Amino acid sequence: MEKEIQLLVNKGEMLPLMEEFYTIQGEGFHKGTAAYFVRIGGCDVGCHWCDVKESWNAKLHPPTLTTKIVENAKKYSDTIVVTGGEPLTWDMTFLTSKLKAEGLQVHIETSGAYELTGQWDWICLSPKKMKLPTDEVYVKAHELKMIIYNKDDFRFAEEQAARVNDNCILYLQPEWSKRDKMIPQIVDYVMQNPKWKVSLQTHKYLNIP
């Protein structure tokens, strides 16, 4: 039975589902938009400031039929955000084809560290120093969201901005625990470098998931 389940997971017909919930997108270009979030377990990128470290171990999250995830998602919203963990750990082709067949807008939040699978209406790329994105995701990203934890992250943000496509929207977002220190630096930086925009985790200010 375990082998059968693993085969289905490998094909993306089952996915290690951590949680799914209907809320307001709090970050980036689509902030303020009602969206249904599907959080997939599994990530080995290992950001020390990750706010969902419980998502890292895929074995803690039960393999769930992808068709069931789609059935749940379509009840709530026409905008579905696939996040993690790192969703591209898994093949997203089956999930996105089923969501698209329902006429839904499908977004992903990813570090881009793995092969880009699936059909996406919006790709939010948030690169991490430990595992850099693939060339393909730089080309296809709609927004670049750089998390600013310390001063060196501004340098890293510029390196990453030089690699994305010309239409990609550039965001600097303070890491939540460092926001009081980093927000003034981000504001100054964006005013001096107006190709960037400020992104805040507005859902945390609104006290929603």
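Per chain, residue numbering runs from 1 following the sequence as it is written. Reporting of local features is limited, given that this is a predicted model, to residues whose pLDDT is at least 70; pairs of side-chain atoms are given and counted only at 80 or more, and all residues count toward the totals for whole chains, interfaces and linings. Only heavy atoms go into the side-chain values, all of them from the structure, while hydrogens and water stay out.

Caption draft 1: Structural detail: the packing of aromatic side chains. Only the six-membered ring of Trp is used, alongside the rings of Phe and Tyr, when aromatic pairs are assigned; centres must lie within 6.5 Å, and planes under 30 degrees apart are stacked while those over 60 apart are edge-to-face, with the rest tilted. Per the stated rule, a full pass over the model turns up 6 aromatic pairs. For the ring pair F21 and F37, a centre distance of 5.4 Å and an interplane angle of 5 degrees mean the geometry is stacked. On the criterion of sequence distance, the pair formed by F21 in strand 1 (residues 14-24) and F37 in strand 2 (residues 34-40) is long-range, its members being 16 residues apart. Burial status follows relative accessibility: with a 1.4 Å probe on protein chains alone, a residue under 20% of its type maximum counts as buried, one over 50% as exposed, and anything between as partly exposed. Taking relative accessible area as the criterion, F37 reaches 7% and is therefore assigned buried. Counting from the N terminus, the helices are DSSP H or I runs at least four residues long and the strands are E runs at least two residues long.

Caption draft 2: Inspection of the sheet that holds strand 1 at higher detail. A pair of strands is considered paired only if DSSP assigns at least 2 bridges between the two. Ordered in space as 3-1-2-4-5-6-7-8-9, the 9 strands form an open sheet in which the pairing is mixed. Across the chains shown, the open sheet's two edge strands, defined by having one partner strand only, are strand 3 (63-65) and strand 9 (196-198). This sheet shows a mean twist of 30 degrees between the axes of neighbouring strands, independent of strand direction. With 5 bridges joining them, strand 2 and strand 4 (residues 79-84) adopt parallel strand pairing. What sits directly across from F37, in strand 4, is V81. The sheet strands contacting helix 2 (residues 66-74) are strand 1, strand 2, strand 3 and strand 4, and the helix crosses strand 3 at an angle near 65 degrees. Axes here mean lines fitted to C-alpha atoms, for a helix over just the part in contact, with angles spanning 0 to 180 degrees between N-to-C directions. Whether two residues touch is decided by their heavy atoms; if any such pair falls within 4.5 Å, the residues are in contact.

Caption draft 3: A look at unusual backbone geometry. Cis geometry is adopted by the peptide bond preceding G85, which originates at G84 and carries an omega value of 25 degrees. Positionally, G85 belongs in the loop between strand 4 and helix 3 (93-101). At N207, a residue that is not glycine, the phi angle is positive and equals roughly 60 degrees. Examined against the element boundaries, N207 turns out to sit in the segment after helix 7 (202-205).

Caption draft 4: Spotlight on helix 6 (residues 179-192). Between the first and last C-alpha of helix 6 there are 19 Å, a value that for 14 residues agrees with the 20 Å anticipated at 1.5 Å per step. Along helix 6, the positions that sit buried rather than exposed are M182, I186, Y189 and V190. For helix 6, the angular spread of the buried residues around the axis is 95 degrees, confining them to a single face. In this structure, helix 6 carries D180, K181, M191 and Q192 as exposed residues pointing more than 90 degrees from its buried face. For helix 6, the secondary structure elements touched by its buried residues are strand 7 (143-148), helix 5 (152-161), strand 8 (169-174) and strand 9. The span one expects for a helix is its residue count, reduced by one, times 1.5 Å. The directions considered for the arc are those from the helix axis to the C-beta atoms.

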